[in-house]
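Structural overview
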Amino acid sequence: TVPTSSSSPTSLPTVTNPVPEYQKATETGERTLWVVFVVMTIAMIVFSGMSWSVPISKRLYHIVTTLIVTFASISYFAMATGHGIGYHHVRVTEQHEHVPDTYKDIYREVYWARYVDWSLTTPLLLLDLCLLAGMNGGNILLAIVADIIMILTGLFAAFGSEGTPQKWGWYAIACIAYLVVIWQLAVHGRHTVSQKGGKVANFFAAIGGFTLIIWTVYPIIWGIADGSRNMNVDEEIISYAVLDILAKPIFGAWLLFTHMSMPETNVEIGGFWSQGLVNEG
Ligand code: RET
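One structure accompanies this document, and this report is about it. (Residues numbered from 1 in each chain as written. Predicted model: local features only at pLDDT ≥ 70, side-chain atom pairs only at ≥ 80, totals over all residues. Heavy atoms only, no water.)

What about empty space enclosed by the protein?
For the coordinates displayed, the defined rule picks out 2 cavities of 30 Å³ or more. Taken as a whole, the largest cavity holds about 340 Å³ of empty space. Residue lining of the largest cavity: 20 residues in total, with W118, M150, I151, Y218 and P219 positioned closest to the centre. Broken down by secondary-structure element, the contributors of at least two residues to the lining of the largest cavity are α3 (113-133), α4 (137-159), α5 (165-193), α6 (198-227) and α7 (233-261). The element that contributes the greatest number of residues to the lining of the largest cavity is α3, accounting for 5 residues. Class assignment of the residues belonging to the lining of the largest cavity gives a composition of 15 nonpolar, 3 polar and 2 charged. Considering the residues around the second largest cavity, the lining is formed by V110, Y111, R114, Y115, D226, E236 and Y240. Broken down by class, the residue content of the lining of the second largest cavity amounts to 4 nonpolar, no polar and 3 charged. (1 Å grid on protein atoms, 1.4 Å probe; cavity = no way out; pocket = protein on both sides within 12 Å on 5 of 7 lines; lining within 4 Å. Points joined across faces, edges and corners; volume = space filled by probe spheres on them. Helix = DSSP H or I, 4+ residues; strand = E, 2+ residues; numbered from the N terminus. Nonpolar A, V, L, I, M, F, W, Y, C, P; charged D, E, K, R; others polar.)

Some points on helix α2 (residues 60-80)
In this model α2 runs 30 Å from its N-terminal to its C-terminal C-alpha over 21 residues, within 8% of the 30 Å that 1.5 Å per residue would give. For α2, the buried fraction is high: 15 of the 21 residues fall into the buried class. Where α2 terminates, the next one or two residues include G82, which has phi positive at roughly 90 degrees. (Expected span 1.5 Å × (residues − 1). Buried < 20%, exposed > 50% of the residue type's maximum accessible area, 1.4 Å probe, protein only.)

Right, dumping it as structure tokens:
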């Protein structure tokens, strides 16, 4: 068979804009990533140091919270050194009346290392809150699995094609999963924590409310930056940097310092969590 020419003589050929556009972080974005790496690393050292001052039976929050900032530190190191970054491609076609159509390829950085970080750290953040509330294992599992679904479908959304159901379809699925997470915490968490007394219930309401507000800003930033492309890569990095510092080191410090001065927040350990702790103070 003889290959036929793709451009028939009656239609004008499509002309490519030979220069693709790359949307990348500048020095400002890169410097921000390094700053957050340092903040997370300091938090990791401080939180693990704090765990030495409490008996092993009271270290569960310390361990979980130290792991959270450790994962964040690793992921920020990756992003600051240029790892964990992919490109989202979109081809924009411009139609003209008397001259051939042109199109332009736009490649925008997607920091997928974030989603690896979030898929490990958001379940641990939820675990902190679920333990504080004294929730049962079934509800904890449900909250954590819904949260993992939220992050992984969010990752698919980040690479989803424009003009197909991919991008906003995945985003919608992620938002539904997020509602399941909120539901578990706001309904079951609030219910079980009320049995621990007013002090713990008030603290749970405060730190849970703080978490709800911070977490809800993430999908909003995503919609503006990744979804509708109304924010450049630097602005996206800075927005997530502020949120990550609030959601991890600030959240963690608040939880650990309150835990030290409020013995009622102790995790009521049983079964799995109390293995080997039977005779510990
Ligand atoms: C995405 C996009 C898809 C829709 C939703 C999202 C939610 C993300 C959240 C992230 C929380 C991250 C935290 C990081 C810790 O530092 C994936 C952005 C709902 C809630 C707390």
